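Coordinate analysis (summary)
One-letter residues, chain by chain:
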Amino acid sequence: MDLLALADFNLVARHGGFGRAARAAGRPKATLSRRVAELEAAMELRLFERGGRTLKLTEEGRALFERTGALLTELDEAAASIASGGERPRGRLRVSAPLLFSQTAMGRLAAEFALKHPEVRLEVTTDDRPVDLVEEGYDLVIRVNPAPDESLVGRAFLRDRMVVVASPDLGRPPAGAAAPAVVRGGGEQAGAWRVTTPDGGAAVAVEPVLRLSSLVMVRDAVRAGVGVARLPISLVGRDLGAGRLVSWGDADGPEIALWALYPSRRLLSARVSAFLEHLKAAFPRGEPEELAAYLDG
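Here we summarise the structure given alongside this text. Bear in mind that the values here come from a model prediction, so they are computed numbers and not experimental data. (Residues numbered from 1 in each chain as written. Predicted model: local features only at pLDDT ≥ 70, side-chain atom pairs only at ≥ 80, totals over all residues. Heavy atoms only, no water.)

**Describing the packing of aromatic side chains**
Under the counting rule described, the total for this entry stands at 6 aromatic pairs. Judged by centre distance (5.9 Å) and plane angle (70 degrees), the rings of F101 and F157 are edge-to-face. With F101 in helix α5 (residues 99–116) and F157 in strand β6 (residues 152–160), this pair connects stretches of sequence that are 56 residues apart. Since its relative accessible area comes to 5%, F101 is described here as buried. (Phe/Tyr/Trp six-rings, centres within 6.5 Å; stacked < 30°, edge-to-face > 60°. Helix = DSSP H or I, 4+ residues; strand = E, 2+ residues; numbered from the N terminus. Buried < 20%, exposed > 50% of the residue type's maximum accessible area, 1.4 Å probe, protein only.)

Given below as structure tokens:
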């Protein structure tokens, strides 16, 4: 397979059109269109549905984009790392990370990175809002399930899943009754949570009785027995193993993925490349159990 044609396909898919991709990359629109057409011919697949003014990925095109985007990003990172091999990571590195990851893992990660790269002045701030890297002067951001952004590239370096947990002293409610629930934020109302157990799917009726702004606070409240909650397995794995909490099942919903993102229009610096390698070394497989084990370390 022609890697250059594949890279052009990913460029067009990421920007949602030939015109926008051409403007972002500073390349002729006709060249991108030709390269994608050649890739479609070589694969004997239609990758885009072309309308009058719209361009939409086919099912096969979406699958190709999802499977090759991260690989191409990793190739770019590897090439940048090799190209800057003679350059020692140094200077200021500003990172923005979400609250829960900062509270549980970032202190140790930052300390290990600082010991490994003493010439880098690492600054980490905690923020769950989508910061503007360029305007606010960040070199890299860590985000949970980020929305697509054509100005950023990166990869998922860690995945997690949600489980419904409770204190062993809190029994399941009888049929027709709702379990008291601890929730994050103020928007959730009474309802039902779908869970998956070894016996199949089920619904857990819940009535929020406590609302807290931090998942760490939610976990501590559940430990105290006030109610049931949906929490990441990495945060409660130790409690489940010790019997302080019990699982009512895996919570239905989208997968949780932590992404490391950086501006695509800048050459990857040695310090950003070093931080990406640091994340990969800490979580080589990117599985929830790795984060749980890291938090126990």
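Back to the text.
**Section: the packing of helix α7 (residues 215–223) against helix α8 (residues 233–242)**
For the pair α7 and α8, the least separation of the axes is 11 Å and the interaxial angle reads 20 degrees. On the basis of the axis angle, α7 is roughly parallel to α8. With respect to the hand of their crossing, α7 and α8 are arranged in right-handed fashion. Contacts from L215, V216, R219 and R223 in α7 reach L235, V236 and D239 in α8. (Axes fitted to C-alpha atoms, helices over the stretch in contact; angles between N-to-C directions. Parallel < 35°, antiparallel > 145°, perpendicular 65-115°, else oblique. Left-handed = near helix turned anticlockwise from the far one by under 90°. Contact = heavy atoms within 4.5 Å.)

**Notes on the pattern of salt bridges**
According to the stated counting rule, one finds 21 salt bridges in the structure shown. Residues E119 and R88 are paired through a salt bridge, measuring 3.0 Å at the closest nitrogen-oxygen approach. Placement of the pair is E119 in the loop between α5 and β4 (120–126) and R88 in the loop between α4 (59–83) and β3 (91–97), with a sequence separation of 31 residues. Note that E289 and R161 form a salt bridge whose closest N and O atoms lie 3.4 Å from each other. Residue E289 is located in helix α10 (residues 288–296), and its partner R161 is located in the loop between β6 and β7 (162–166); the two are separated by 128 residues in the primary sequence. Classification of E289 as partly exposed rests on a relative accessible area of 45%. What makes R161 partly exposed here is its relative accessible area of 34%. (Salt bridge = Lys/Arg side-chain N within 4 Å of Asp/Glu carboxyl O.)

**Observations concerning helix α1 (residues 3–15)**
The α-helix advances 3.6 residues per turn, and as a result positions three or four apart in sequence lie on the same side. Between the first and last C-alpha of α1 there are 18 Å, a value that for 13 residues agrees with the 18 Å anticipated at 1.5 Å per step. When α1 is considered as a whole, its buried residues turn out to be A5, L6, D8, F9, N10, L11, V12, A13 and H15. Once α1 finishes, G16 follows within two positions and takes phi at roughly 75 degrees, a positive value. (Expected span 1.5 Å × (residues − 1).)

**With respect to the sheet that holds β3**
Strand order across the open sheet formed by 5 strands is β4-β3-β5-β13-β6, with mixed pairing between neighbours. Each end of this open sheet is capped by a strand with a single partner; those strands are β4 and β6. This sheet shows a mean twist of 20 degrees between the axes of neighbouring strands, independent of strand direction. One ladder, built from 7 bridges, connects β3 with β4; its direction is parallel. Across the sheet, residue G91 finds its bridge partner in β4, namely V120. In the packing of helix α9 (residues 270–282) onto the sheet, the strands contacted are β3, β4, β5 (140–144), β6 and β13 (256–263), and the crossing angle to β3 comes to about 45 degrees. (Pairing = 2+ DSSP bridges.)

**Examining the nonpolar core**
In this structure, F101, L109, L140, I142, F157, F275 and F283 are the most contacted members of the largest nonpolar core, which totals 29 residues. Contributing elements (two or more residues each) for this core: β3, α5, β5, β6, β13, α9 and α10. If you tally residues by element for this core, the top one is α9, at 6 residues. Sequence-distant contacts of F101, defined by excluding residues within four places in its chain, comprise M106, L109, I142, F157, L158, L258, F283 and L291. (Core = buried A, V, L, I, M, F, W, Y, C linked by side-chain atoms within 4.5 Å.)

**Some points on the side chain of S234**
Take S234: it is sitting in helix α8. Residue class for S234 comes out buried when judged on its relative accessible area of 9%. Here the side chain of S234 touches D160 through a polar contact of 2.4 Å, side chain to side chain. Apart from the residues lying within four places of it in its own chain, the contact partners of S234 are D160, P288, L291, A292 and L295. (Polar contact = N/O pair within 3.5 Å; in protein donor to acceptor, adjacent residues only side chain to side chain.)

**Overview of the pairing of strand β9 (residues 191–197)**
With 7 bridges joining them, β9 and strand β10 (residues 200–212) adopt antiparallel strand pairing. Across the sheet, the residue bridging to R194 is A203, located in β10. Between β9 and β10, which follow one another and run antiparallel, lie 2 residues. Sheet analysis places β9 next to strand β12 (residues 246–251), joined by 2 bridges and oriented antiparallel.

**Comments concerning the environment of T58**
On the secondary structure map, T58 appears in the loop between β2 (55–57) and α4. The class of T58 is buried, set by a relative accessible area of 8%. Separated by 10 residues in sequence, T58 and F48 place their C-alpha atoms 5.3 Å apart. At 3.0 Å, the side chain of T58 forms a polar contact with the backbone nitrogen of G61.

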